[in-house]
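# Descriptive analysis of the structure
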Amino acid sequence: MPDCVDRLEVATYVIPTQSPESDGTFEWDKTTMVLVRASLDEVTGLGYTYADRATGVFIEEHLRPRAVGADAMQPQLTWEAMRCAIPVAPSTCAMPGKA
């Protein structure tokens with residue numbers, strides 16, 4: 001029996017900036033971070049990205065069902081299952097992140 005992911009927790013944090021920031025095309029006063037913890041027993045992996053709250057909702061509703069129960073030692077298979085859950089071109093859901 002493979003070691004399977006038994007929990008996937010998603011949290012969204014809104015972090016205010018000290019002052020308004022800009023990249024020359026847009027101005028903002030807060031940054032949103034989506035943090036994901038995937039766990040197997042007492043071992044937890046952590047990943048995050050800077051994205052809108054909707055990204056966290058998407059992970060919870062569409063990707064979590066494909067990750068929980070997946071073989072933790074076969075991440076490429078889990079990635080493929082999650083990629084197939086995206087109803088549009090996968091690149092539209094790609095964004096920079098850290099894992």
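First, a word on what this report is: a plain description of the structure on this page. (Residues numbered from 1 in each chain as written. Predicted model: local features only at pLDDT ≥ 70, side-chain atom pairs only at ≥ 80, totals over all residues. Heavy atoms only, no water.)

### Section: the overall build of the protein chain
Scanning the protein chain from N- to C-terminus turns up two helices and four strands. Each helix (α) and strand (β) of the protein chain, taken in turn from the N terminus, gives the series β-β-β-α-α-β. Counting over 99 residues, the protein chain shows a buried share of 23%. The contacts of the protein chain with a sequence gap of at least 6 include a subset with a gap of at least 24, amounting to 49%. Summed over its atoms, the accessible surface of the protein chain is roughly 7100 Å², and 58% of this surface lies on carbon and sulfur atoms. (Helix = DSSP H or I, 4+ residues; strand = E, 2+ residues; numbered from the N terminus. Buried < 20%, exposed > 50% of the residue type's maximum accessible area, 1.4 Å probe, protein only. Contact = heavy atoms within 4.5 Å. Areas by Shrake-Rupley, 256 points an atom, 1.4 Å probe, with all protein chains shown as cover.)

### Here's the deal with the pattern of salt bridges
Within the structure shown, the criterion is met by five salt bridges. A salt bridge links arginine 37 to glutamate 9, with the shortest nitrogen-to-oxygen separation between them at 3.9 Å. With arginine 37 in strand β2 (residues 27-40) and glutamate 9 in strand β1 (residues 7-22), this pair connects stretches of sequence that are 28 residues apart. On the basis of relative accessible area, arginine 37 is assigned to the partly exposed category, the value being 31%. When the shortest N-O distance is used, the salt bridge between aspartate 29 and lysine 30 registers 3.9 Å. Judged by its relative accessible area of 46%, aspartate 29 is partly exposed. Owing to a relative accessible area of 46%, lysine 30 belongs among the partly exposed residues under this scheme. Because the salt bridges share partners, they merge into one network encompassing Asp6, Arg7, Glu9 and Arg37. (Salt bridge = Lys/Arg side-chain N within 4 Å of Asp/Glu carboxyl O.)

### A short note on helix α1 (residues 53-67)
Working note: α-helix, 3.6 residues per turn, so residues spaced by three or four point in the same direction. The end-to-end C-alpha separation of α1 is 20 Å, in line with the 21 Å expected for 15 residues at 1.5 Å each. The axis of α1 is deflected most strongly, by about 40°, at glutamate 60. Where α1 is concerned, the buried positions are Thr55, Gly56, Ile59, Leu63 and Ala67. Those residues of α1 hidden inside the fold are in contact with β1, β2 and α2 (75-84). Sitting at the amino-terminal end of α1 is aspartate 52, which places a side-chain oxygen 3.0 Å from the backbone nitrogen of alanine 54. In the segment just after α1, glycine 69 is the residue with positive phi, at about 95°. (Expected span 1.5 Å × (residues − 1). Bend = angle between axes of the 7 residues up to and from the residue. Polar contact = N/O pair within 3.5 Å; in protein donor to acceptor, adjacent residues only side chain to side chain.)

### Structural notes on the packing of aromatic side chains
Tallied over the entire structure, the rule returns two aromatic pairs. Summarising the aromatic geometry, the rings of phenylalanine 26 and tryptophan 28 are spaced 6.2 Å apart at their centres and angled 20° between planes, so their arrangement reads as stacked. A relative accessible area of 54% means that phenylalanine 26 is categorised as exposed. Between tyrosine 48 and tyrosine 50, the ring centres sit 5.9 Å apart and the planes meet at 80°, which makes this aromatic pair edge-to-face. Note on tyrosine 50: relative accessible area 52%, which makes it exposed. (Phe/Tyr/Trp six-rings, centres within 6.5 Å; stacked < 30°, edge-to-face > 60°.)

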